[in-house]
Every structure is written in structure tokens, then in C-alpha cells.
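Observations on the three-dimensional arrangement
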Amino acid sequence: MTDFKQDAPLPTKIYSRLIQLLSRLGFWIRFTLFSLIWILLTGWQPGSWPLGVVFIIMASSLSLYLAPQQPIVARQIKPAKLCSFWCYFFIHSLRGAWVTAQLALKPKQTLLPGVINYPIDMVNESHIFTFMQVISLLPGTVSAEHHGGEVRIHILDLNSFSRADIDDCFARVSKLLGKTKQPLVEQSNY
């Protein structure tokens, strides 16, 4: 029987990093995804699996090891807020698709496309990215770029554009992801 000194590290601490990697749910999700990719690449050939398993384990471990260790935002999101936002997202996705299809199918309609700058003050890049993606589901809008404290938004028809929709979108994303500060903006006609 092996005796361990009081101050000596336990043998499991030597391999603790590897054990932590393999015991994480993220590893098994990556393992599954890389396995599916391997199946697609090899066409489910049994002879490819001995080598494939080695590469899948290496790729899964390496991707988990190299992934930035950031706090997961999803833990901070309450289920009621997420459900409310999902309903908003679903309804406005359908509405946006319907309005855009109507605009495309009306041949003699005069559209007035344009670009507006929408000032924002959000706490981090993931909030800005989420806001920019959700804006794109609104009828006739696509977020173009983020510069400083502004998001440039392409509007398909300035005649039917409603700034209230973008303000509502900003408020809902802010409510879902956390507190942000929206600067006071002069009301102007866009």
C-alpha cells in the first residue's frame, strides 16, 4: 500500500485538468458534434473509427481548452424573460418576413431606402451583437455596422419606417440581457 505524505499532492491532482475537461458537459457536446462531422466526412465507414476517435477526442479536448472561459450569460436570464423575448422574436420574425415579401411582390410601389444611425450605449459586445441581429428581423431593417456608440441600420422604406419598433427592440434586448443605458436622443423624423 502506498503512503501519501500530508503535504504531497494527491495523484488525481496531477491529472485534474484532463479529468475536468473530460467530465464537463461541454466536452461531450463537442465530442458529439465532432463525431457527427466525422460521420459526414467518412460516410460511416467502420475502418475510419479507430483513427477518428483519437482525432475526435483530441479536437474536443483542444477546443474546450482553447475556448475563452467567460461567465455564461444564460444563467442570469430568467425563464419568464426568455419566454417573453422568444414570443417577441417569433412574432416579429413572421411579421418582418410578411412585410418584406409584400414589398417585394408589389411591382409599382415607390420605396425610399436609406440608412439611419441609431445611438446605443450597451455594456458589452455580446449585447450589441444580439441587438444588431434582432434588429434584422424587424420589417424592412437590417443592421449594417457598429461604430462607437452607434449602430447603422439600413431601412428598406423610410416612408413606412417606425423608430418606435427599434426603440422597442432595444428595450427588449436590454431587459433580456441586463441593464444598459440608452442616451437621450433628439426626436427627429427619419
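You'll find the structure just up there.
Residues numbered from 1 in each chain as written. Predicted model: local features only at pLDDT ≥ 70, side-chain atom pairs only at ≥ 80, totals over all residues. Heavy atoms only, no water.

It is worth spelling out the overall build of the chain at this point. Assigned secondary structure in the chain consists of seven helices and three strands. Beginning at the N terminus, the succession of helices and strands in the chain can be written as α-α-α-α-α-β-α-β-β-α. Taken across its 190 residues, the chain has 26% of its residues classed as buried. By sequence separation, contacts in the chain at least 24 residues apart represent 70% of the contacts at least 6 residues apart. (Helix = DSSP H or I, 4+ residues; strand = E, 2+ residues; numbered from the N terminus. Buried < 20%, exposed > 50% of the residue type's maximum accessible area, 1.4 Å probe, protein only. Contact = heavy atoms within 4.5 Å.)

In this section: the packing of helix α6 (residues 125-135) against helix α7 (residues 163-177). In contact at an axis separation of 10 Å, α6 and α7 are set at 140° when each is read in the N-to-C sense. The angle between α6 and α7 places the two elements in the oblique class. Crossing angle aside, the handedness with which α6 passes α7 is right-handed. Contacts between α6 and α7 pair His127, Thr130, Phe131, Val134 and Ile135 from the former with Ile166, Cys169, Phe170, Val173 and Leu177 from the latter. Of the residues contributing to the contact of α6 with α7, the split by class is eight nonpolar, two polar and no charged. (Axes fitted to C-alpha atoms, helices over the stretch in contact; angles between N-to-C directions. Parallel < 35°, antiparallel > 145°, perpendicular 65-115°, else oblique. Left-handed = near helix turned anticlockwise from the far one by under 90°. Nonpolar A, V, L, I, M, F, W, Y, C, P; charged D, E, K, R; others polar.)

Turning to a nonpolar patch on the surface, a few remarks are in order. Residues Leu25, Trp28, Ile29, Leu33 and Leu36 make up a contiguous nonpolar surface patch of roughly 540 Å² in combined accessible area. Structurally, Leu33 can be placed in helix α3 (residues 25-42). (Patch = residues over 30% accessible without salt bridge, like charges linked within 9 Å, V, L, I, M, F, W, Y side chains within 5 Å. Areas by Shrake-Rupley, 256 points an atom, 1.4 Å probe, with all protein chains shown as cover. Salt bridge = Lys/Arg side-chain N within 4 Å of Asp/Glu carboxyl O.)

With that out of the way, let us pick up the nonpolar core. Looking at soluble globular proteins, one finds that nonpolar side chains tend to be buried together. By size, the foremost hydrophobic cluster in this structure holds 23 residues, and its most contacted members are Ile120, Phe131, Ile153, Ile166, Cys169 and Val173. Secondary-structure elements contributing two or more residues to this core are α5 (79-105), β1 (114-119), α6, β3 (150-155) and α7. Broken down by element, the residue count for this core peaks at six residues, all from α7. When sequence neighbours within four positions are dropped, the list of residues in contact with Cys169 reads Tyr88, Phe131, Val134, Ile135 and Leu138. (Core = buried A, V, L, I, M, F, W, Y, C linked by side-chain atoms within 4.5 Å.)

Strand order across the open sheet formed by three strands is β1-β3-β2, with antiparallel pairing between neighbours. Among the strands making up the open sheet, the edge pair consists of β1 and β2 (141-147). Across the sheet, the mean angle from the axis of one strand to that of its neighbour is 25°, orientation sign disregarded. Where β2 and β3 come together, six bridges link them in antiparallel fashion. Residue Glu145 lies in a different strand from β3, and its bridge partner there is Arg152. (Pairing = 2+ DSSP bridges.)

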